[in-house]
Amino acid sequence: MSVVTSIRQDADTFYNNLLDGVSGISEIEAFDCSQFPTKIAGEIKSFSADGCVSPKLFKRADKSVLYLLTAGKKALADAGITEQVMNVLDKTRCGVVIGSALGGMKDFNDAIEALRVTYKKMNPFCVPFATTNVGSAILAMDLGWMGPNYSISSACATSNFCILNSANHIIRGETDLMLCGGSDAAIIPLGLGGFVACRTLSQRNDDPTKASCPWVTDRDGFVLGEGAGFCS
């Protein structure tokens, strides 16, 4: 297993932090959110791909893709899938099913802003990097895996469906190994504004660590977060 979250980027510490009640909710720092009634999120303040992503791709890709590639490769390492093991795998029987609820929102938003000036300013990668399945495809190409490869987008249940479908591929004898999970990175003005417009977000800006606590009677909404979670 592997995670990229606001409270840790390794599964064991992440789990222990959950048990200890550590909150990853804090004031948004990535952009000026003074115009919004909600100013808090589960924002990843510091992120390192730890060599899992090439420098060129790191500059180009949406954060949801960067989180996905990093968590995916670390999940394989956690499972003991070393280079030596990779060399003996039948890669036609290794698959990747990775979901995203919102996809590459920042790349999509940047493309819209560029288009306001002229289409000539648009990034040629804006369409591929905005699609939900791009991360799954890039990861499979990096690994050389040629088994089932697709994405599922089903709101908050996205990653659960990816795990279920991956298990079914193995149960049916179609694959020997599956890498599955989900990734999202929508803490941008477009993402925050969209959820604010739905009136779904907590406005507990003065006490972010107490926002969206389960089973609390005065809960006033949920909190937008970002990150990735994987298993193999």
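Up top is the structure these notes are about.
Okay, so let's go over this structure. Since the structure is predicted, the reported quantities are computational estimates derived from the model, not experimental observations. Counting starts from 1 at the beginning of each chain's written sequence and moves along it residue by residue. The predicted origin of the model limits local features to residues at a pLDDT of at least 70 and limits the giving and counting of side-chain atom pairs to 80 or more, whereas totals for whole chains, interfaces and linings rest on all residues. Just so you know, side-chain values use all the structure's heavy atoms and leave hydrogens and water out.

Things to note about the sheet that holds strand β6 (residues 177-185)
Two strands pair if DSSP finds at least two bridges between them. In DSSP terms, a helix is any run of H or I states spanning at least four residues, a strand is any run of E spanning at least two, and both are numbered starting from the N terminus. If you walk across this open sheet you meet the five strands as β1-β7-β6-β4-β5, and the pairing is mixed. Edge positions in the sheet fall to β1 (2-4) and β5 (149-150), since each of these pairs with one other strand and no more. With three bridges joining them, β1 and strand β7 (residues 226-231) adopt antiparallel strand pairing. Along β7, the bridge assignment pairs V3 with G229. Lying over the sheet, helix α3 (residues 63-78) contacts β1, β4 (94-99), β6 and β7, oriented at roughly 150° with respect to β6. Contacts were defined at the residue level, with two residues in contact if any of their heavy atoms lie within 4.5 Å. Under this scheme, a helix contributes an axis fitted over its contacting stretch, all axes are lines through C-alpha atoms, and angles between N-to-C directions fall in the 0 to 180 degree range.

With respect to the pairing of β4
Buried means the residue's accessible area, taken with a 1.4 Å probe over protein chains only, is under 20% of the maximum for its type, while exposed means over 50%, and partly exposed covers the values in between. With six of its six residues buried, β4 lies for the most part within the structure. The alternating pattern of β4 places C94, V96 and I98 and G95, V97 and G99 on opposite faces, both of which are buried. Here β4 pairs with β5 via two bridges, running parallel. Pairing of V96 across the sheet is with N149, part of β5.

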